[in-house]
Amino acid sequence: MREFLSTRELSSDSIYSILETAEAMRKKPESIRSERFAANLFFEVSTRTKTSFQVAEKRLGMETLDFQMESSSMTKGESLYDTVRTYEAIGADLLIVRHAYDHWYDELAGRISVPIINAGAGKGEHPTQSMLDLLTIYQEFGSFEGLNVVIAGDIKHSRVARSNAYALTTLGANVSFAAAPGFEDDSFDIPYVSMDEACDMCDVLMLLRIQHERHAQVSYRTTSYLGDYGLTMERERRMRDHAIVLHPAPVNRGVEIDTRLVECDRSRIFKQMENGVHTRMAIISILLNEWGAGHENFTEKYQTIAT
Ligand code: NCD
C-alpha cells in the first residue's frame, strides 16, 4: 500500500490488516523510527478528521505541519499540485489532504514522492472514515460476513457512504441503503429499504448528515425530514437488541437523528471518534513502513499489509 486514497480496490486482507494494526495501536501505541513530518492540508473545513490526524501523528512521535487555507498562497491562485509539491519540497514525509474536488488526487498521481492519504474528497471518497467505522463494527461483532448494514441518508452526496459501501461489500456484509427521494445513488448495485425496514432488520445503522453544501439548491425542510427519513425515538425502539447506530458526525441533531438518541446505549458515535485516532495511526504506520520510513521491526510487531 503506497498511498491511501480509496477503499474501492482494497482487498479484504488489507482491510483486516489495517483493523488489526489499529487494535494493536490502541493497546500499545508505538513511535515511528525518527523525526518525520506530516503535513495536514485541509482545503475544506474539518473538526474531527483533522484533529484526529494531528493526535495520531503526535502519538506516533511525528512533527505536524499545519496549513491554513485562508492565509496560504492558494489565495494568490496557487494550484493544489503546487501547494502539495511545496510541502513535499520543504520536507514533509507524509501528506494528508482534504479537498472539495471528488477526484483531487488524479492531478497528483505519479508526481509526488511521499505517501498521500485522502482525508476527504468532495462527494467522492473518505477512506479513513470508512476504516474507523469498520473498526467500530469489528469491535462489536468480530466479523462482517452476513452482517446487515444499512447506510441511511444523503447517499448521493456522501463520500462516507461511498467508501463504506465499497469496503463493506468487499468484506461480505449485506449492505442496504435508505434514502429520501433525490438522495439515491444509482451507480451502486445495492438495494434500497425504507427507514422503518432498516430499523427492523439492521445490525448496524449508519446515519449520514444531509450534505447541504454539496447541493445545487435547498433540498429537504429539516423539520419533516426526521419523521420521514431519520432515526426517531419510535424507530429506535423497533431496532433489534444488539443493533448499533453509527454517524460520522457532525450530527445535525433533530434532523437525521432525534437529539435524545445521539448518546443513547446503541450509539457508537463518540466511540467512532476515539477509533479514528487508532485507525489513522495504523494507516500512517503501514504507509511509512511501506516507504521505508516507519517503525523498527514493524513487520514483526504488526501484520503486514497484503497489497
Ligand atoms: C464527514 C465528512 O467530512 O465527510 N465528517 C467527518 O469526516 N467526520 C461527514 C460529514 O461531513 O457529513
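Quantities reported herein were computed from a predicted structural model and do not represent experimental measurements.

### Some thoughts on the overall build of the protein chain
Looking only at helices and strands, one finds 10 helices and 8 strands in the protein chain. Computed over the C-alpha atoms, the radius of gyration of the protein chain is 19 Å, within 12% of the 19 Å expected from 2.2 N^0.38 for a compact globule of 307 residues. Seen through its C-alpha atoms, the protein chain measures out along the principal axes to roughly 55 × 45 × 35 Å. Across the 307 residues in the protein chain, those meeting the buried criterion constitute 57%. Within the protein chain, contacts between residues separated by at least 24 positions form 74% of all contacts whose residues are at least 6 apart in sequence. A total accessible area of about 13000 Å² is found for the protein chain, and carbon and sulfur atoms account for 46% of it. Computed over 33 positive and 45 negative side-chain charges, the inter-centroid distance for the protein chain is 4 Å.

### Side note on the packing of aromatic side chains
A full pass over the atoms with the stated rule returns 11 aromatic pairs. With a centroid separation of 5.3 Å and an interplanar angle of 45 degrees, the aromatic rings of tyrosine 166 and phenylalanine 188 are classed as tilted. Taken as a pair, tyrosine 166 in helix α5 (residues 159-170) and phenylalanine 188 in the loop between β6 (174-178) and α6 (195-201) lie far apart in primary sequence, 22 residues in all. The same class applies to tyrosine 166 and to phenylalanine 188, which are both buried. Over the ring of tryptophan 291 we find arginine 2, and its NZ or CZ is 4.0 Å from the ring centre. Above the ring of tyrosine 81, the side-chain terminus of arginine 111 is found at 3.7 Å from the ring centroid.

### Remarks on the site of the ligand
What surrounds the ligand is the set Arg48, Thr49, Arg98, His126, Gln129, Arg159, Val160, Arg209, Gln211, Pro248, Ala249 and Pro250. A distance of 2.9 Å separates an oxygen atom of the ligand from a polar atom in the side chain of threonine 49. The side chain of histidine 126 places a nitrogen or oxygen atom 2.8 Å from an oxygen atom of the ligand. Protein contact buries 94% of the 320 Å² of open area that the ligand shows by itself. Looking at the shell around the ligand, the elements with two or more residues in it are α2 (48-59) and α5. The residue makeup of the shell around the ligand, split by class, is 4 nonpolar, 4 polar and 4 charged.

### Quick notes on the sheet that holds β6
An order of β6-β5-β7-β8 is seen for the 4 strands of this open sheet, with the pairing classed as parallel. Lying at the two open borders of the sheet, with one neighbouring strand each, are β6 and β8 (244-246). Pairs of neighbouring strands in the sheet enclose a mean axial angle of 20 degrees, with direction left out of account. Across 4 bridges, strand β5 (residues 148-152) lies against strand β7 (residues 204-207) in parallel orientation. Within β7, the residue paired with isoleucine 151 across the bridge is methionine 206. With respect to the sheet, helix α4 (residues 127-141) is in contact with β7 and β8, its orientation differing from that of β8 by roughly 170 degrees.

### Digging into the packing of α4 against helix α9 (residues 269-290)
Contact pair α4 / α9: the axes reach a minimum separation of 8 Å and the direction vectors enclose 115 degrees. Two packed elements cross with a definite hand, and for α4 against α9 that hand is right-handed. Of α9, the residues touching α4 (which contributes Thr128, Gln129, Met131, Leu132, Asp133, Leu135, Thr136 and Gln139) are Lys271, Gln272, Asn275, Gly276, His278, Thr279, Arg280 and Ile283. Counted by class, the contact of α4 with α9 contains 4 nonpolar, 9 polar and 3 charged residues.

### Remarks on the sheet that holds strand β2 (residues 63-65)
Reading across from one edge, β2-β1-β3-β4 is the order of the 4 strands in this open sheet, with parallel pairing throughout. Every interior strand has two partners, whereas the edge strands, β2 and β4 (116-121), have only one. Going across the sheet, the axis of each strand differs from the next one's by a mean of 15 degrees, ignoring polarity. Note that strand β1 (residues 37-42) and β2 share 3 bridges and pair parallel. Opposite alanine 39, over in β2, you have leucine 65 as the bridge partner.

Criteria and thresholds
Residues numbered from 1 in each chain as written. Predicted model: local features only at pLDDT ≥ 70, side-chain atom pairs only at ≥ 80, totals over all residues. Heavy atoms only, no water. Helix = DSSP H or I, 4+ residues; strand = E, 2+ residues; numbered from the N terminus. Rg over C-alpha atoms; globule rule 2.2 N^0.38 Å. Buried < 20%, exposed > 50% of the residue type's maximum accessible area, 1.4 Å probe, protein only. Contact = heavy atoms within 4.5 Å. Areas by Shrake-Rupley, 256 points an atom, 1.4 Å probe, with all protein chains shown as cover. Lys, Arg positive; Asp, Glu negative; His and termini not counted. Charge placed at Lys NZ, Arg CZ, Asp CG, Glu CD. Phe/Tyr/Trp six-rings, centres within 6.5 Å; stacked < 30°, edge-to-face > 60°. Lys NZ or Arg CZ within 6 Å of the ring centre and 35° of its normal. Near = heavy atom within 4 Å. Polar contact = N/O pair within 3.5 Å; in protein donor to acceptor, adjacent residues only side chain to side chain. Nonpolar A, V, L, I, M, F, W, Y, C, P; charged D, E, K, R; others polar. Pairing = 2+ DSSP bridges. Axes fitted to C-alpha atoms, helices over the stretch in contact; angles between N-to-C directions. Left-handed = near helix turned anticlockwise from the far one by under 90°.

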